[in-house]
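Structure at a glance
Each chain, letter by letter, is given below.
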Amino acid sequence: MKKKIKKHLADGLLIVFSVLFALFINKLYDNYQTWRKKEIAMESIAKELYRNERVLKDWKERHTQISEKLTQLIEGENDSLIGEIKKNKFFNIGLITENRSLIDDVLTSTAWESAKTTGIISEFDFETTQKLTRVYAMQEVISEKTIIKILDYYFEPGIHQMEDIEAILLQFQLRFTELVGQEALMAYLYEDIMKYFNDTKYAVP
């Protein structure tokens, strides 16, 4: 009788141990899967921001040149250009931008949005989340607000009243000054997040 009881106890303990061990293995696997998804998300974000940093550098150089040219026009330091502008029946901004578009590439946020959609962002530590939120929020301000405001202003009907060219130039100069200032802040945020990545294994060569 005692032998049967001992045998049942041993069998029961073995079953309990087997179940607990299986749960432990499953937990380890789930943790690994979560860790791997986090690693992939962070690597994707690092690559995305590294690319965006290069795009912004081109933007900032171009928009700074436009802002400086507008300042020269307002201060009367480029008579030949203002003469060319006034020859037209409409305000041809191409004369100031050298017939280049304001932007020829975009700042993307695909990796960041994917991390939020999948919920893996909850695995990021607070400092990482805070830094990334600031970077992507500033990107959105520049791309979705400031640049759009400039384009919207250009397509306003009254903008092509050439008798008001001085006022038009001033309005554009103010908008480009704001844009360049925001791009300077964006460049700092990129530099900061890249330094943060360089201090971790997410550095991008």
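Quick caveat: nothing in here was measured; it's all calculated off a predicted structure.

Regarding the packing of helix α2 (residues 79-87) against helix α6 (residues 165-198)
- With their axes 12 Å apart at the nearest point, α2 and α6 run at an angle of 115° to one another. Considering their axes alone, α2 and α6 lie roughly perpendicular with respect to each other. α6 is crossed by α2, and the crossing has right-handed handedness. Here Ile 82, Ile 85 and Lys 86 of α2 come into contact with α6, specifically with Ile 165, Glu 166 and Leu 169.
- Broken down by class, the residue content of the contact of α2 with α6 amounts to four nonpolar, no polar and two charged.

Here's the deal with the environment of Thr 118
- Of note, Thr 118 is situated in helix α4 (residues 110-118).
- A relative accessible area of 57% places Thr 118 in the exposed class.
- Each C-alpha atom of the pair Thr 118 and Ala 41 lies 9.8 Å from the other, and the pair is 77 residues apart in sequence.

Some remarks on the nonpolar core
- Of all hydrophobic cores here, the largest spans 49 residues; its most connected members are Ile 45, Leu 49, Phe 91, Leu 132, Phe 172 and Phe 197.
- Going through the elements one at a time, α1 (2-74), α2, α4, α5 (126-154) and α6 are the ones with two or more residues in this core.
- No other element matches the 13 residues that α6 contributes to this core.
- Not counting chain neighbours up to four residues away, the residues in contact with Leu 132 comprise Ile 45, Leu 49, Trp 112, Phe 124, Ile 193 and Phe 197.

Points about α4
- Every buried residue belonging to α4 is among Ala 111, Trp 112 and Ala 115, and all of these are buried. Taken around the axis of α4, the buried residues stretch over an arc of 100°, which confines them to a single face. Residues Thr 110 and Thr 117 are exposed on α4 and point more than 90 degrees away from its buried face.
- Among the residues trailing α4, Gly 119 stands out with phi positive, at a value near 85°.

Some words on the packing of α5 against α6
- One way to put it is that α5 packs onto α6 with a least axis distance of 10 Å and a crossing angle of 160°. As far as their axial angle goes, α6 and α5 are roughly antiparallel. For the crossing formed where α5 meets α6, the hand is left-handed.
- When grouped by side-chain class, the residues that make up the contact of α5 with α6 number 20 nonpolar, five polar and eight charged.

So, how was this worked out
Think of each chain on its own: its residues are numbered from 1, step by step along the sequence as written. Where local features are concerned, this predicted model is filtered to residues with pLDDT of at least 70; where side-chain atom pairs are given and counted, the filter is 80 or more; whole-chain, interface and lining totals use all residues. Remark: hydrogens and water are excluded; side-chain values derive from all non-hydrogen atoms of the structure. Structural elements are reduced to axes, namely lines fitted to C-alpha atoms, with helices fitted over the stretch in contact, and the angle between N-to-C directions of any two is expressed from 0 to 180 degrees. Secondary structure elements follow DSSP: runs of H or I no shorter than four residues count as helices, runs of E no shorter than two count as strands, and numbering proceeds from the N terminus. An angle below 35 degrees is treated as roughly parallel, one above 145 as roughly antiparallel, one from 65 to 115 as roughly perpendicular, and anything else as oblique. Here is the rule for handedness: rotate from the far helix to the near one, and if that takes an anticlockwise turn smaller than a right angle the crossing is left-handed, while a clockwise turn gives right-handed. Whether two residues touch is decided by their heavy atoms; if any such pair falls within 4.5 Å, the residues are in contact. Think of it as three bins: nonpolar holds Ala, Val, Leu, Ile, Met, Phe, Trp, Tyr, Cys and Pro, charged holds Asp, Glu, Lys and Arg, and polar takes everything else, Gly as well. Partly exposed residues are those whose accessible area sits between 20% and 50% of the maximum for their type, while under 20% is buried and over 50% is exposed, using a 1.4 Å probe and protein chains only. For this analysis, a nonpolar core means a set of buried residues of the types Ala, Val, Leu, Ile, Met, Phe, Trp, Tyr and Cys, connected via side-chain atoms within 4.5 Å. This arc corresponds to the set of directions leading from the helix axis out to the C-beta atoms.

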